[in-house]
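Remarks on the overall topology
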Amino acid sequence: PSTGFGSCEAKRSRLRAIKPGQVDGIVVWFDLLLWRGRGEATGNDVVLHGGPDREGSSWDPAFFFLPPGLSVHEGEELELLTMEGDDRLEFLVLRLGTDARGEGAGTV
């Protein structure tokens, strides 16, 4: 699929359902770069840090909704493709075990 990210390659992750149910979205922690510092020094960037171990920040994780209708069975594996641009993230979730023509594919 076309993502509008130019030559950016997708990062691939495998996810395994620990119980049956509906997959509604993806939760991510992130660091927000507000200002890129100038010069050689690496400490000049202004960044708001996220993540469970953050200190001095009120950022909570972001929740990205997926299109409705993705149900999983316990033990089922999905592949998560993550494309990262300068100002956004894009996700694609694929069911594993489909044939080369994509028969049975559950792309959302």
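On a predicted model such as this, the values are computed, not experimentally measured, just so you know.

Here is what the cut-offs are and how they apply
Residues numbered from 1 in each chain as written. Predicted model: local features only at pLDDT ≥ 70, side-chain atom pairs only at ≥ 80, totals over all residues. Heavy atoms only, no water. Pairing = 2+ DSSP bridges. Helix = DSSP H or I, 4+ residues; strand = E, 2+ residues; numbered from the N terminus. Axes fitted to C-alpha atoms, helices over the stretch in contact; angles between N-to-C directions. Buried < 20%, exposed > 50% of the residue type's maximum accessible area, 1.4 Å probe, protein only. Salt bridge = Lys/Arg side-chain N within 4 Å of Asp/Glu carboxyl O.

1. Side note on the sheet that holds strand S9 (residues 89–95)
If you walk across this open sheet you meet the three strands as S1-S8-S9, and the pairing is antiparallel. The sheet is open, and its two edges are formed by strand S1 (11–16) and S9, each paired on a single side. Ignoring strand direction, the axes of neighbouring strands in this sheet form an average angle of 25°. In this structure, S1 lies alongside strand S8 (residues 77–84), joined through six bridges in antiparallel fashion. Its bridge partner lying in S8, Arg 16 is registered against Glu 77.

2. What to know about the pairing of S8
In terms of burial, S8 is a largely internal element, six of the eight residues being buried. Note that S8 and S9 share seven bridges and pair antiparallel. Within the sheet, the bridge partner assigned to Glu 84 lies in S9 and is Leu 89. Taken together, S8 and the strand that follows it, S9, pair antiparallel across an intervening segment of four residues.

3. Side note on the pattern of salt bridges
Applying the stated criterion to the full structure yields five salt bridges. Where Glu 77 meets Arg 14, a salt bridge forms, and the shortest distance between an N and an O atom there is 3.5 Å. Residue Glu 77 is located in strand S8, and its partner Arg 14 is located in strand S1; the two are separated by 63 residues in the primary sequence. Taking relative accessible area as the criterion, Glu 77 reaches 24% and is therefore assigned partly exposed. Classification of Arg 14 as exposed rests on a relative accessible area of 60%.

Treat this as a map of the structure, not an account of what it does.
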